[in-house]
Protein chains: 2
Amino acid sequence: MSERGDVVDPFGHGDDTDDIMIEAAEASHDEDDRLKPEFLTAVLAAVEEGDSEKARDLVSPLHPADIADLLELIPSERRADVAAALGDLVGAEVISELNDYVRDDLIGALAPEQLAEFAAELDTDDAVAIIEDMEEADQQAVLDAMEPEDRAAIESALAYPEESAGRLMQRDLVAVPEHMTVGQVIDYLRDNDDLTRDFWEIYIVDAAHRPVGYSQLSWILTCPRGVAMADLMKREQTLIPVDMDQEEVALRFQKYALISAAVVDRAGRLVGMITVDDVVHIISEEAGEDILRLSGAGEGDINQPVLLTVRTRLVWLVVNLGTAMIAASVVGLFERTIEHLALLAALMGIVSGMGGNAGTQTLAVMVRAIATNQVTGSNTWRMIGREFRIAATNGAALGTLIGIGSYLIYGQLGLSLVFATAILINNLVAGLAGVLIPVTLDRNNVDPAVASAVFVTMMTDSMGFLTFLGLATIFLT
Amino acid sequence: MSERGDVVDPFGHGDDTDDIMIEAAEASHDEDDRLKPEFLTAVLAAVEEGDSEKARDLVSPLHPADIADLLELIPSERRADVAAALGDLVGAEVISELNDYVRDDLIGALAPEQLAEFAAELDTDDAVAIIEDMEEADQQAVLDAMEPEDRAAIESALAYPEESAGRLMQRDLVAVPEHMTVGQVIDYLRDNDDLTRDFWEIYIVDAAHRPVGYSQLSWILTCPRGVAMADLMKREQTLIPVDMDQEEVALRFQKYALISAAVVDRAGRLVGMITVDDVVHIISEEAGEDILRLSGAGEGDINQPVLLTVRTRLVWLVVNLGTAMIAASVVGLFERTIEHLALLAALMGIVSGMGGNAGTQTLAVMVRAIATNQVTGSNTWRMIGREFRIAATNGAALGTLIGIGSYLIYGQLGLSLVFATAILINNLVAGLAGVLIPVTLDRNNVDPAVASAVFVTMMTDSMGFLTFLGLATIFLT
C-alpha cells in the first residue's frame with residue numbers, strides 16, 4: 001500500500017497555492033473551523049443546477065477531512081448526488097474519514113473495483129475500517145478485486161478481533177537489525193522504493209524479528225553515518241500485544257506519550273505498527289462515550305438512523321421505568337400520610353431530586369476516574385472516605401438551608417426537622433451509592449458507565465421517598 | 001532546553017535490561033497497566049522501615065509516568081516521605097507527569113534551585129506547566145535561579161494567555177529555508193549539537209521566518225541528498241495561531257491527524273511547535289470534562305482538596321434546589337387534587353422521571369455533538385427534527401406501555417389515558433428542551449455542558465407535574 005491520500009507525492013513539485021488556500025479557508029470555514037452554512041448552500045446549489053464544475057471548484061481546496069464533514073453536514077438524501085458531482089474529490093482518504101453510517105450510505109453505490117482501488121490507496125488500518133462493516137458477500141467482492149498483496153494484508157487484519165490492536169495497526173513499517181549503522185539505514189531507506197513513506201520511528205529487531213528497541217527518526221538524522229543502531233536506539237519500549245483492546249491501546253499511548261508503537265504477536269514477533277494519529281480519535285471517542293453511556297444514549301451518533309437510535313434509547317427508558325415504578329411503590333406505601341398532608345407530595349420530589357443530583361455528581365467523577373485507570377485497590381477506600389465526607393458536608397449544608405427555609409415558609413418546626421433530616425440522609429445514600437455501585441460493577445467486569453445510573457437513581461429516589469415520608473408518618477401524623 | 005527526561009541519551013550505550021524490565025512490569029502492574037496494591041504496599045513498607053535503598057530498587061524500573069501514578073495513589077500524608085526516599089528518581093519528568101494538586105503538594109517542599117534545575121531539563125511547555133500555577137513570589141524565585149536563556153523562554157511563554165497555544169508550544173524546533181537540499185539539511189542537523197533531538201517534522205520558512213511548508217522526517221530520510229526541500233515539502237499545512245485556545249488546538253490535531261504543527265504569531269512568523277504528545281491529554285480531558293460539567297461535578301479531579309470539591313458541588317446543588325422548588329410549587333398548585341386522589345402523588349414522579357431520562361439522553365448527544373464541532377447552522381434544524389421524531393416515537397411507545405400497564409393494575413381507564421398522555425407530552429418537552437437549550441446556550445457563547453442540565457430538568461420536572469396533575473384535575477376530579 002502506498003502512503004495516505006492526503007500526502008502529496010514528496011517527490012513531485014509543490015504548487016504555489018498558499019495564499020489561495022488561506023482565502024479559501026476563510027470563505028469556507030467559520031472561526032471554530034466548521035464549514036459555513038453559506039458555503040454548503042453554495043455547493044448544494046451548484047450540484048442542483050447540474051454545475052459539477054463549480055461544485056468541484058468550491059470543494060477542491062478543502063482538506064479530505066473537511067470534504068468528509070461536508071458530506072456529513074448535508075441532508076442524507078442529497079449525499080449521493082453531491083458525491084457523484086464531486087467525482088474523484090471523494091477519494092479514499094475522504095471515505096476513510098467519513099462517519100460509519102454516512103460511509104455505509106455512500107459506498108453502497110460504489111462498485112467493488114472502485115472500493116478495492118480505494119482500499120489499496122490507504123494504510124491497512126484505514127482500509128480495514130472501510131471494509132470491516134460490509135456484508136460478507138460485498139466484503140468478498142471487494143477483496144477479490146484487490147491485488148493479492150493488499151488482499152493478504154487486509155485478510156490477516158480481519159482475522160484479529162474487532163476493536164483490537166490487530167485491526168488498528170498498519171503492516172507497513174521499517175525494521176532493521178541492530179548491527180546496521182546510521183549510514184546503512186539511510187541508504188536502505190533511499191534504495192527501497194516500496195517502503196512506506198510515512199513513519200516516525202524505526203524498529204530494531206533481532207534475527208527472529210522480535211523488537212529489541214526503537215529509534216526516533218530525529219535521532220538518526222542528527223547522528224553521523226558511522227554510529228551503529230545498537231548505540232542509538234532506546235531499548236525500553238512499550239510493546240502492544242496484537243490482541244489488546246483498542247481502549248487499552250489508547251490509554252497506553254496517552255500515559256506514555258507515544259508517537260508510534262510496535263505491535264507483537266504471541267511469540268513476541270513484530271507484526272505491525274500503530275501510530276498516534278490512528279489512536280487520537282479513539283482517545284476522544286472513549287472519553288466522550290462515558291457521558292453517552294451514563295445517560296443511556298447508546299453511542300450517541302447523530303448520523304445513526306433514527307429507528308436504531310429509538311431502539312437504543314427506548315431500552316434504557318424502559319429499564320428506568322422499572323426503577324421509577326419501584327420508587328412510586330415506595331410512595332404508594334404512604335398514601336394515607338399524603339392524603340393527610342398533601343404538602344408532603346410537593347416536597348418529597350425535592351428530597352429525591354437533590355439526592356439524585358448529588359449521586360450523579362459522585363457517579364460522574366467515579367466513572368471518569370475508573371475509565372482513566374485512576375482507581376485501584378490501593379485507593380478505593382480512600383475514595384469512599386472522600387465521597388462520604390463530601391456527602392456529609394453537603395448534606396448538612398443543604399439540610400440546614402432547606403430546614404431553615406421551609407420553617408420560614410411553612411412555620412412548622414416538625415416538618416422542617418423531618419425535611420432537613422431526610423435531605424441529609426439521602427445525600428449520604430447518594431454519596432455512598434455513587435461510589436460503591438460503579439466500583440462494584442467495575443470489579444465484576446461490568447462497564448460502570450452503562451449500568452450505574454439506573455441503580456444510583458433507584459437508591460436516591462426510593463430512599464429519598466422512604467426517609468422523608470417515613471419520618472413524616474412517624475413524627476407528623 | 002535539552003530533550004525530555006525519559007529519553008536516554010541516544011548517543012550512549014543502551015544497557016541490556018529488556019528481560020528485567022518485563023519481569024519488573026509484571027510484578028508491579030496488573031493486566032490493565034495499573035500499579036498493583038501489593039507493589040504500593042511494598043514500597044510504602046520499605047519507606048516506613050527507613051530502607052530507602054529497597055524502595056528505590058523497587059521503583060527504579062518504572063517509567064516516569066508510573067512513578068507519578070505511584071505518588072498519586074499513596075495517601076497524601078505519605079507523599080513527601082516517599083518522594084524524599086526515592087530521591088532523584090522523582091525527577092523533572094515525574095514532576096511534569098503529576099496531577100496538578102499532587103504536584104503542588106510536593107513542590108512546596110522543594111528549593112527554587114531544584115525546581116529551576118527540573119524546569120531546565122524539560123521542554124518549554126512542560127516547564128511552563130510546572131511553573132504557571134505557583135504563587136508569583138515562588139515563580140520569581142524559580143525564574144531567578146534559571147539560566148538566562150531558559151528563563152527567557154519560560155517568561156515569554158508565560159506572557160501568553162493560560163490554556164493558549166503559546167503555553168502549549170515548545171520553542172525548540174528545526175526550521176530551514178526552502179533552497180536547502182536534503183544533504184544540506186542532514187549536515188546541518190548533524191553539525192548543530194544544541195538543536196532539540198526530539199522532533200518529527202521540519203518546517204520550511206521564508207526570509208521573514210514565516211512557514212511556507214513542512215516536511216516529515218521520513219520523507220527526508222527516504223530521498224537522495226540532492227533533492228531540494230522545495231521539491232520535498234508539503235505546502236498545505238495547518239498553522240496554529242499562538243493565541244488559539246488549547247481546546248481548539250486539540251480539535252485541529254484530531255481532525256487533521258497532525259503529529260506536530262507550527263505555531264505562528266500575528267505577523268505569521270514561526271514562533272514554536274506543538275507536538276501531538278502534548279495534545280493527547282487535552283483531547284482526553286476535554287472529552288471527559290463534558291460529563292463532569294453536565295453532572296455539576298466541576299473538574300471532577302479526585303486529587304482535589306475535599307473542601308474545594310465540596311464548594312464546587314454545593315453551588316451546583318443549590319442551583320438545582322431552586323429548580324426543584326419550582327417543580328414543587330407546581331405540585332403545590334394541585335394539593336387539593338392530590339388530597340382527593342393520593343395515588344397521583346405516587347405516579348407523578350414516573351412522569352417527571354421518564355421525561356428527565358429522555359431529556360438527559362438528548363442532552364448528552366447534543367453536548368457531545370456541539371463539543372466536537374458536529375453541529376453547525378447547516379444541520380441544526382435537521383437535529384431538532386431528528387430529536388423530535390425520536391421523542392415522539394419513544395413517547396408514544398412508553399405512553400402506550402404505561403397506559404396499558406396502569407389500566408391492568410388500577411383498572412381506571414380515565415387515569416390510564418391521563419397517565420399515557422402526560423408521558424407522551426413530557427417526552428416531547430424533553431426532546432425539544434434537550435436539543436434547543438444546549439443549541440441556544442452555545443449560540444450565546446455559554447458552555448452548554450455547564451448550564452443545560454439545570455434548565456432541561458426544570459422543564460421536564462415542571463411540565464411533567466403540570467401536564468399529569470393538570471389533566472388529572474380536569475378529567476378525574
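Here the structure is a predicted model, which means the values were calculated and not measured.

J.: I would appreciate a short explanation of the relation of the copies chain B and chain A in the present structure.
T.: Note that the two copies of the chain are related through a rotation about an axis and a translation along the same axis. Structural alignment of chain B on chain A gives an RMSD of 0.1 Å, achieved by rotating through 180° and translating 0.0 Å along the axis. Such a combination of turn and shift is consistent with a two-fold rotation axis. Take the interface residues of chain B: 100% of them recur as interface residues in chain A, which is what a same-surface contact looks like.

J.: Would you mind going over the interface of chain B and chain A with me for this structure?
T.: In many analyses, interface size is given as the accessible surface area lost on bringing the parts together. Taken together, the contact between chain B and chain A spans 140 residues of the former and 140 residues of the latter. For the pair chain B and chain A, the summed buried area comes to about 12,500 Å², and 63% of that belongs to carbon and sulfur atoms. Inspection of the chain B/chain A interface yields ten salt bridges. Here Asp33 of chain A ties to Lys255 of chain B by a salt bridge, and the two come within 3.8 Å at their closest N and O atoms. Where chain B meets chain A, there are 49 residue pairs in polar contact (both at pLDDT 80 or more). Tallied by class, the residues present in the side of chain B that touches chain A amount to 69 nonpolar, 33 polar and 38 charged.

J.: Explain the side chain of Thr362 of chain A here, please?
T.: Looking at the secondary structure, you find Thr362 of chain A in helix H19 (residues 343-371). Looking at Thr362 of chain A, its side chain comes within polar contact range of the side chain of Glu387 of chain A, at 3.2 Å. Excluding residues that lie within four positions of it along the chain, Thr362 of chain A makes contacts with Glu387, Gly431, Gly434 and Val435 of chain A together with Arg313 of chain B.

J.: Can you walk me through the nonpolar core in this structure?
T.: It is characteristic of soluble globular proteins that their nonpolar side chains tend to be buried jointly. Counting residues in hydrophobic clusters, the biggest one holds 118 residues, and the most contacted among them are Ile350 and Phe468 of chain A together with Ile350 and Phe468 of chain B. Discounting residues that sit within four places of it in the chain, Phe468 of chain B has contacts with Leu344, Leu347, Met348, Val351, Val418, Phe419 and Ala422 of chain B. Among the nonpolar cores identified, the runner-up in size contains 57 residues, and Ala175 and Met229 of chain A together with Val182 and Ala262 of chain B belong to it.

J.: What's the story with the UniProt feature "domain: CBS" (unreviewed entry) in chain A in this structure? I'm lost.
T.: As annotated by UniProt and renumbered to match this structure, "domain: CBS" (unreviewed entry) occupies residues 233-291 of chain A. Taken end to end, residues 233-291 of chain A has its terminal C-alpha atoms 41 Å apart, with 44% of it in helix and 22% in strand.

J.: Can you help me understand helix H5 (residues 76-86) of chain A in this one?
T.: Given 3.6 residues to a turn, an α-helix orients residues that are three or four positions apart in the same direction. Turning to H5 of chain A, its buried residues number three or more, namely Arg78, Arg79, Val82, Ala83, Ala85 and Leu86 of chain A. For H5 of chain A, the buried positions fall inside an angular range of 155° around the axis, keeping them on one side. Within H5 of chain A, the exposed residues directed more than 90 degrees away from the buried face are Glu77 and Ala84 of chain A. Taken together, the buried residues of H5 of chain A touch helix H2 (37-48), helix H3 (52-59), helix H4 (64-73) and helix H7 (100-107) of chain A together with helix H21 (380-410) of chain B.

J.: Just to check I follow, could you spell out the domain arrangement of chain A for this structure?
T.: For chain A, the assigned domains are domain 1 (18-165), domain 2 (175-279) and domain 3 (305-476). Taking only C-alpha atoms into account, the centre of domain 2 of chain A sits 51 Å from that of domain 3 of chain A.

J.: Even after reading the chapter, I still don't get the sheet that holds strand E1 (residues 175-177) of chain A, so can you show me in this structure?
T.: Sheet strands line up and pair through hydrogen bonds in the backbone, either parallel or antiparallel. Residues and elements named next belong to chain A. One open sheet holds the three strands; their spatial order is E1-E2-E3, and the pairing between them is mixed. In this open sheet, the two strands that pair with only one neighbour each are E1 and strand E3 (211-216). Geometrically, the sheet is characterised by an average inter-axis angle of 35° between neighbouring strands, direction not taken into account. As paired elements, strand E2 (residues 201-205) and E3 share five bridges and run antiparallel to each other. For Tyr203, the partnering residue across the bridge sits in E3 and is Tyr214.

J.: Mind showing me how you'd approach the UniProt feature "transmembrane region" (unreviewed entry) in chain A here?
T.: All names here are of chain A. Sequence positions flagged by UniProt for "transmembrane region" (unreviewed entry) are, in local numbering, residues 314-334, 341-370, 390-410, 417-437 and 449-476. Helix makes up 93% of residues 341-370 and strand makes up 0%, while its end C-alpha atoms are separated by 44 Å. The span residues 449-476 is 100% helical and 0% strand by assignment, and the distance between its end C-alpha atoms comes to 40 Å.

J.: Hey, could you run me through the pattern of salt bridges in this one?
T.: Side chains bearing opposite charge may pair, as long as their charged atoms lie close to each other. Under the criterion given, the structure shown has 46 salt bridges over all chains. Between Asp33 of chain B and Arg252 of chain A there is a salt bridge whose closest N-O contact spans 3.3 Å. Placement of the pair is Asp33 of chain B in the loop between helix H1 (18-28) and helix H2 (37-48) and Arg252 of chain A in helix H15 (residues 246-255), with the two residues belonging to separate chains. Each member of the pair, Asp33 of chain B together with Arg252 of chain A, is buried. The closest approach of N and O atoms between Asp206 of chain B and Arg210 of chain B, which form a salt bridge, is 3.1 Å. Judged by its relative accessible area of 24%, Asp206 of chain B is partly exposed. When its relative accessible area of 39% is taken as the criterion, Arg210 of chain B is described as partly exposed. By sharing partners, the salt bridges in this structure join Asp33, Asp66 and Asp69 of chain A together with Arg252 and Lys255 of chain B into a single network.

J.: Looking at this structure, how should I read the packing of helix H21 (residues 413-443) of chain A against helix H22 (residues 448-476) of chain A?
T.: Residues and elements named next belong to chain A. Following both chains from N to C, one finds H21 and H22 inclined at 155°, their axes separated by 8 Å at the closest point. Of the possible angle classes, the one that applies to H21 and H22 is roughly antiparallel. Relative to H22, the crossing made by H21 is right-handed. Residue composition of the contact of H21 with H22, grouped by class: 22 nonpolar, eight polar and one charged.

J.: Looking at this structure, I do not really get unusual backbone geometry. What am I missing?
T.: Note on backbone geometry: most residues besides glycine have negative phi, and most peptide bonds are trans. Residues and elements named next belong to chain A. Although it is not a glycine, Asp33 adopts a positive phi angle of roughly 70°. Classification of Asp33 as buried rests on a relative accessible area of 11%. Residues other than glycine seldom take positive phi values, yet Ala257 does so here, at roughly 50°. Inspection of the secondary structure puts Ala257 in the loop between H15 and strand E5 (260-264). By relative accessible area, Ala257 is classed as partly exposed at 24%.

J.: Help me out: how do you make sense of a nonpolar patch on the surface in this one?
T.: A cluster of nonpolar side chains, namely Met325 of chain A together with Ile404, Tyr407, Leu408, Ile409, Tyr410, Leu413 and Leu417 of chain B, defines an oily patch on the protein surface of about 850 Å² accessible area. Broken down by secondary-structure element, the contributors of at least two residues to the nonpolar patch are H21 and helix H22 (413-443) of chain B. Ranked by the residues each element gives to the nonpolar patch, the list is headed by H21 of chain B, at five residues. When you line up the elements, Met325 of chain A lands in helix H17 (residues 306-332). For Met325 of chain A, a relative accessible area of 42% translates into the label partly exposed.

J.: How should the sheet that holds E5 of chain A be read in this particular structure?
T.: All names here are of chain A. Taken together, the three strands give an open sheet; going across it, the order is E4-E5-E6, and neighbouring strands pair in mixed fashion. With partners counted over all chains shown, the strands left at the sheet margins are strand E4 (240-241) and strand E6 (270-275), one partner each. Across five bridges, E5 lies against E6 in antiparallel orientation. Across the sheet, residue Ser260 finds its bridge partner in E6, namely Thr275.

What counts, and where the lines are drawn
Residues numbered from 1 in each chain as written. Chains lettered and ligands numbered in written order. Predicted model: local features only at pLDDT ≥ 70, side-chain atom pairs only at ≥ 80, totals over all residues. Heavy atoms only, no water. Least-squares fit on C-alpha atoms with pLDDT ≥ 70 in both. Contact = heavy atoms within 4.5 Å. Buried area = accessible area lost by both parts, 1.4 Å probe. Salt bridge = Lys/Arg side-chain N within 4 Å of Asp/Glu carboxyl O. Polar contact = N/O pair within 3.5 Å; in protein donor to acceptor, adjacent residues only side chain to side chain. Nonpolar A, V, L, I, M, F, W, Y, C, P; charged D, E, K, R; others polar. Helix = DSSP H or I, 4+ residues; strand = E, 2+ residues; numbered from the N terminus. Core = buried A, V, L, I, M, F, W, Y, C linked by side-chain atoms within 4.5 Å. Buried < 20%, exposed > 50% of the residue type's maximum accessible area, 1.4 Å probe, protein only. UniProt positions renumbered as here; feature names shortened; annotations may be inferred. Arc of directions from axis to C-beta. Domains from an automatic or database assignment. Pairing = 2+ DSSP bridges. Axes fitted to C-alpha atoms, helices over the stretch in contact; angles between N-to-C directions. Parallel < 35°, antiparallel > 145°, perpendicular 65-115°, else oblique. Left-handed = near helix turned anticlockwise from the far one by under 90°. Patch = residues over 30% accessible without salt bridge, like charges linked within 9 Å, V, L, I, M, F, W, Y side chains within 5 Å. Areas by Shrake-Rupley, 256 points an atom, 1.4 Å probe, with all protein chains shown as cover.

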